[in-house]
Amino acid sequence: MPQTSKPPQIVIVGAGTAGLNLATRLSRRLGHAGKAEITLVDENLSHMWKPSLHEFAAGTKGFDEEISLLEHSHRNEYNFRLGRFTGIDREKRLVQLQAVNDPANRPLAPKRSLPYDILVLAIGSRSNDFGTPGVAENCMMLDTPAQAKRLQAELLNLFLRFQTGALGAAEKLELTIIGAGATGVELAAELREAAGQFARNGIHKVRNADAVTIRLIEAAPRVLSALPETISAKVARHLRELHIDVMTGAKVARIDPGSVTLSDGTTLSSNLTVWAAGVRAPEVIGQLDGFETGSLGRLKVRPSLQTLDDDHIYALGDCADCLWPAKQTSLPPRAQVATQQAEFMERQIVAQVAGKPLREFSYADHGSLVAISNEGAVGSLMGKAIGTITIEGWLARRAYRSLHFLHRKSVLGPWRATLSALLGGASRRIRPKLKLH
Ligand SMILES: Cc1cc2nc3c(=O)[nH]c(=O)nc-3n(C[C@H](O)[C@H](O)[C@H](O)COP(=O)(O)OP(=O)(O)OC[C@H]3O[C@@H](n4cnc5c(N)ncnc54)[C@H](O)[C@@H]3O)c2cc1C
């Protein structure tokens, strides 16, 4: 780092799983001691744990777990800037931010630039529609808290319209999810849980499970094709038990209002269609000048997590294409990767600021867990001592929930994370099991 009297400016763009974790860690390690000035940028004012978006969307989890970035930055003594990242002026070392407006189109934050000495890009991923016609216009997606809130509102309104007769003579509701990866599978199971809760809370027309068709369409020959076949088979069995229609080997050709057409010409009617068929890097990554992109349009990084083209710019989490030498492929876009990279990046940046040699990131795969509605989960745990074991049921669900707790512990600290888990547990006992407003 250049030896000047001013502490280096470290700018992290994206306050998600990786970015918020890193900002919290760096503010403790460097910011508090005045060894660096930490700035976190996001286009939203709050952070939500993305792997829970399907629960928020189904209404089975309240939005009370959102973390305010204004409050979090104040408490942890780093700067938070509201803004949409649009580019980088590498010569002048400036991050360019577009204006952010409120829903009435009044500016909340103007277009501006922020200086950096070290820049970390952690802007996550977006759904990939693979150019399928009609997806953008007719499907809901689950990339952001705003989309989860919109899906929850649409779902509630749909069930209400069905109950009141406002939907016309429809005899059943048809919900379609395209993509049987972790997001699609978890959402399908959560929607079945939500349908059961609607039935218990005044939407009597859906008391019979047959009144709500939940359909999961997958182009690959099996659900969760990225995971081992044993897990895939167990999950498929659970989905059948939940009366979810799983259609594998079925490629979607087009989405129209109220219907989904498959490549073999079959047309399926659908009251609500959710696209969850994979992710890619946000478009802005491909628009950055002079950077090499790789799989899923992600920014290619070296083992140090520096971009190929600039020693001062790092990328991590879903937007980074990092080689996984053990498998000779790229690391998958998963929370486990984002979290480990944030932990690594804390040490990396501390070393860079101190002028010490940089290290190489090494990923430890601890397995995969997929939640199947309220109490169940299926997956594998991996470790040196235990090898690979497949788990399911209550134990798997606890292990799945512990990932979220560990994230909250990193960003809120152990006391606040434990207290909020206890309070959350207590409030779940007294509030409705489904968000009904
Ligand atoms: C429904 C669902 C279930 C999932 N379940 C699992 C699971 O069980 N296990 C697992 O490992 N992974 C799971 N994932 C994937 C996991 O959530 C992601 O891999 C992880 O969140 C990636 O972290 P990240 O920090 O890279 O990005 P994110 O957590 O997505 O954060 C990106 C941040 O960048 C901000 N941002 C984006 N663009 C801009 C911009 N232009 N300007 C400013 N800010 C911007 C966003 O607002 C966001 O705050 C799931 C994902 C979904 C959607």
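Residues numbered from 1 in each chain as written. Predicted model: local features only at pLDDT ≥ 70, side-chain atom pairs only at ≥ 80, totals over all residues. Heavy atoms only, no water.

Along its length, the protein carries 11 helices and 29 strands. Computed over its C-alpha atoms, the radius of gyration of the protein comes to 22 Å, within 12% of the 22 Å expected for a compact globule of 437 residues. When its C-alpha atoms are laid out on the principal axes, the protein stretches across 75 × 55 × 45 Å. Burial statistics for the protein: of 437 residues in total, 51% are counted as buried. For the protein, the proportion of contacts with a sequence separation of at least 24, taken over those separated by at least 6, is 64%. In the form shown here, the protein has an accessible surface area of approximately 20,400 Å², with 53% of it arising from carbon and sulfur atoms. Between the mean site of the 53 positive side-chain charges and the mean site of the 43 negative ones, the protein shows a separation of 5 Å. (Helix = DSSP H or I, 4+ residues; strand = E, 2+ residues; numbered from the N terminus. Rg over C-alpha atoms; globule rule 2.2 N^0.38 Å. Buried < 20%, exposed > 50% of the residue type's maximum accessible area, 1.4 Å probe, protein only. Contact = heavy atoms within 4.5 Å. Areas by Shrake-Rupley, 256 points an atom, 1.4 Å probe, with all protein chains shown as cover. Lys, Arg positive; Asp, Glu negative; His and termini not counted. Charge placed at Lys NZ, Arg CZ, Asp CG, Glu CD.)

Close contact between helix α10 (residues 394–412) and helix α11 (residues 414–430) brings their axes to 7 Å; oriented N to C, the two are set at 135 degrees. Taken together, the axes of α10 and α11 are oblique relative to one another. Regarding α10 and α11, the two cross each other, and that crossing is right-handed. Residues Phe405, Arg408, Lys409 and Leu412 of α10 form the contact with α11, whose own contacting residues are Pro414, Arg416, Ala417, Thr418, Ser420 and Ala421. When grouped by side-chain class, the residues that make up the contact of α10 with α11 number five nonpolar, two polar and three charged. (Axes fitted to C-alpha atoms, helices over the stretch in contact; angles between N-to-C directions. Parallel < 35°, antiparallel > 145°, perpendicular 65-115°, else oblique. Left-handed = near helix turned anticlockwise from the far one by under 90°. Nonpolar A, V, L, I, M, F, W, Y, C, P; charged D, E, K, R; others polar.)

So, on to the sheet that holds strand β23 (residues 310–315). Read across the open sheet, the six strands follow the order β5-β2-β1-β11-β23-β22; overall the sheet is mixed. Edge positions in the sheet fall to β5 (79–82) and β22 (306–307), since each has one partner strand and no second. As paired elements, strand β1 (residues 9–13) and strand β11 (residues 118–121) share four bridges and run parallel to each other. Counterpart to Ile12 in the pairing with β11 is Val120. Across the face of the sheet, helix α1 (residues 17–31) comes into contact with β1, β2 (37–42) and β11 while running at roughly 165 degrees to β2. (Pairing = 2+ DSSP bridges.)

By the definition in use, this model includes 18 salt bridges. With its nearest N and O atoms 3.5 Å apart, the salt bridge here joins Glu343 to Arg25. Linking Glu343 in helix α9 (residues 335–353) with Arg25 in helix α1, this pair joins segments that are 318 residues apart in sequence. The class of Arg25 is buried, set by a relative accessible area of 18%. A salt bridge links Arg298 to Asp321; the nearest nitrogen and oxygen atoms lie 3.9 Å apart. Remark: Asp321 occurs in strand β24 (residues 320–321) and Arg298 occurs in the loop between α8 (283–287) and β21 (299–300); sequence separation between them is 23 residues. Classification of Arg298 as buried rests on a relative accessible area of 3%. Looking at Asp321, the relative accessible area reads 8%, which means it is buried. If you follow the salt bridges from partner to partner, you end up with Arg25, Arg29, Glu343 and Glu346 in one network. (Salt bridge = Lys/Arg side-chain N within 4 Å of Asp/Glu carboxyl O.)

Attention shifts here to the site of the ligand. Surrounding the ligand, one finds 29 residues, the nearest of these being Ala18, Asp42, Phe85, Asp318 and Ala335. Asp318 places a main-chain nitrogen or oxygen 2.8 Å from an oxygen atom of the ligand. Here an oxygen atom of the ligand sits 2.8 Å away from a polar atom, N or O, in the main chain of Ala335. Protein chains bury 90% of the 1,000 Å² of accessible surface belonging to the ligand in isolation. The set of elements that each furnish at least two residues to the shell around the ligand consists of α1, β6 (84–89), α6 (182–200) and α9. In terms of residue class, the shell around the ligand is built from 12 nonpolar, 10 polar and seven charged. Split by domain, the residues of the shell around the ligand number at least three in each of domain 1 (9–125 + 281–353) and domain 2 (135–278). (Near = heavy atom within 4 Å. Polar contact = N/O pair within 3.5 Å; in protein donor to acceptor, adjacent residues only side chain to side chain. Domains from an automatic or database assignment.)

Attention shifts here to the pairing of strand β27 (residues 367–372). Counting buried positions along β27 gives six out of six residues, so the element sits mostly inside the fold. Burial along β27 is two-sided: the residues Gly367, Leu369 and Ala371 and Ser368, Val370 and Ile372 are all buried. The pairing of β27 with strand β28 (residues 376–383) spans six bridges and is antiparallel. Note on β28: the bridge partner recorded for Val370 is Val378.

Once that is clear, we can look at the domain arrangement of the protein. Taken domain by domain, the protein comprises domain 1 (9–125 + 281–353), domain 2 (135–278) and domain 3 (367–426). Distance between the C-alpha centres of domain 1 and domain 2: 31 Å. Across the contact, 13 residues belong to domain 1 and 15 residues belong to domain 2. Summed over both sides, the interface between domain 1 and domain 2 buries roughly 1,200 Å², with carbon and sulfur atoms accounting for 70% of that surface. Per-residue buried area on domain 1 facing domain 2 is highest for Leu53, His54 and Ala57; these three make up 42% of the total on that side. If you look at where domain 1 meets domain 2, you find three residue pairs in polar contact (both at pLDDT 80 or more). Residue composition of the side of domain 1 that touches domain 2, grouped by class: seven nonpolar, three polar and three charged. (Buried area = accessible area lost by both parts, 1.4 Å probe.)

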